[in-house]
Amino acid sequence: MSAPTKIPGYVAGTWDIDPVHSDVAFVVRHMMVSKVRGRFEQVSGELVTAENLEDSTVTATIDASSLSTGNEQRDGHIRSADFFEVEKYPEWTFRSTGLAAKGDDFVLTGDLTLKGVTKPVELDLELNGFGPDAWGGTRAGFTATTTIKRSEFGVDIELPMDGGGVVVSEKVGVELEIQAVLRAS
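Residues numbered from 1 in each chain as written. Predicted model: local features only at pLDDT ≥ 70, side-chain atom pairs only at ≥ 80, totals over all residues. Heavy atoms only, no water.

Now for the packing of aromatic side chains. As enumerated under the stated definition, the model contains seven aromatic pairs in all. When the ring of Tyr10 is compared with that of Phe130, the centres are 5.2 Å apart and the planes differ by 65°; the resulting orientation is edge-to-face. You can see Tyr10 sitting in the loop between α1 (3–6) and β1 (13–17) and its partner Phe130 sitting in strand β9 (residues 117–132), a full 120 residues away along the chain. Assigned by exposure class, Tyr10 and Phe130 land together as buried. (Phe/Tyr/Trp six-rings, centres within 6.5 Å; stacked < 30°, edge-to-face > 60°. Helix = DSSP H or I, 4+ residues; strand = E, 2+ residues; numbered from the N terminus. Buried < 20%, exposed > 50% of the residue type's maximum accessible area, 1.4 Å probe, protein only.)

Shown next as structure tokens:
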């Protein structure tokens, strides 16, 4: 299957993640009654789109200290050894290991390294499009989501609540909006 015939505007090549137009976010249940959202302000990476889309690859790095939830006190606690221990583990990485069609979308598999622990993850991937930008270049957009268990990555703080439940849920939703720029040849 050749991707260019399946995806309008598809371009094979090497792309750099545009950190200004990308969003790496997470959501966790808090106090069993609501959700808290956060994002990472610093992300970089490379996508290589192959002639056969399923041979494409992704590598990405997140600066863990660039975490922002909109509350400085909470951000400081999440950066601490209780959660992400960013002084010891300043970067998180993702390296793809496979890409497969799933209906009209795709599943991107890869190894996520967070807090020194590497685990396989599957991301539901949507290709949002390929096209020219205002500066004579070419852009691509992708949406990806997954859910991970924080304890599997060494974020195993237990904060039980009186009457049952926990302050921070075990499951963490990950939401990515990635825009990438095709490298000039």
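Moving on: the nonpolar core. Of all hydrophobic cores here, the largest spans 43 residues; its most connected members are Phe40, Phe84, Leu125, Leu127, Phe130, Phe142 and Ile148. Sequence-distant contacts of Phe40, defined by excluding residues within four places in its chain, comprise Val24, Phe26, Ile62, Asp63, Ala64, Ser66, Leu67, Phe84 and Trp92. (Core = buried A, V, L, I, M, F, W, Y, C linked by side-chain atoms within 4.5 Å. Contact = heavy atoms within 4.5 Å.)

The subject of this paragraph is the pattern of salt bridges. Charged atoms that come close allow side chains of opposite charge to pair. This structure, assessed with the given rule, holds nine salt bridges. Note that Asp23 and Arg39 form a salt bridge whose closest N and O atoms lie 2.6 Å from each other. Of this pair, Asp23 sits in strand β2 (residues 23–30) while Arg39 sits in strand β3 (residues 34–40); the two residues are 16 residues apart in sequence, bridging distant segments of the chain. Across the salt bridge formed by Glu46 and Arg183, the nearest N and O atoms sit 2.7 Å from each other. With Glu46 in strand β4 (residues 43–49) and Arg183 in the segment after β11 (168–182), this residue pair connects regions lying 137 residues apart in the sequence. Accessibility expressed as a relative area gives 28% for Glu46, which makes it partly exposed. Of the residues examined, Arg183 reaches a relative accessible area of 39% and is grouped as partly exposed. Each of Asp16, Glu46 and Arg183 takes part in salt bridges that share partners, so that together they form one network. (Salt bridge = Lys/Arg side-chain N within 4 Å of Asp/Glu carboxyl O.)

Now for unusual backbone geometry. If you check the backbone angles, Glu85 has positive phi at about 50° while not being a glycine. By the secondary structure assignment, Glu85 is in the loop between α2 (72–79) and β7 (91–102). Taking the relative accessible area as the measure of exposure, Glu85 reaches 23% and is therefore partly exposed. A positive phi angle, close to 55°, is found at Lys115, a residue other than glycine. As for its placement among the helices and strands, Lys115 is situated in the loop between β8 (105–114) and β9.

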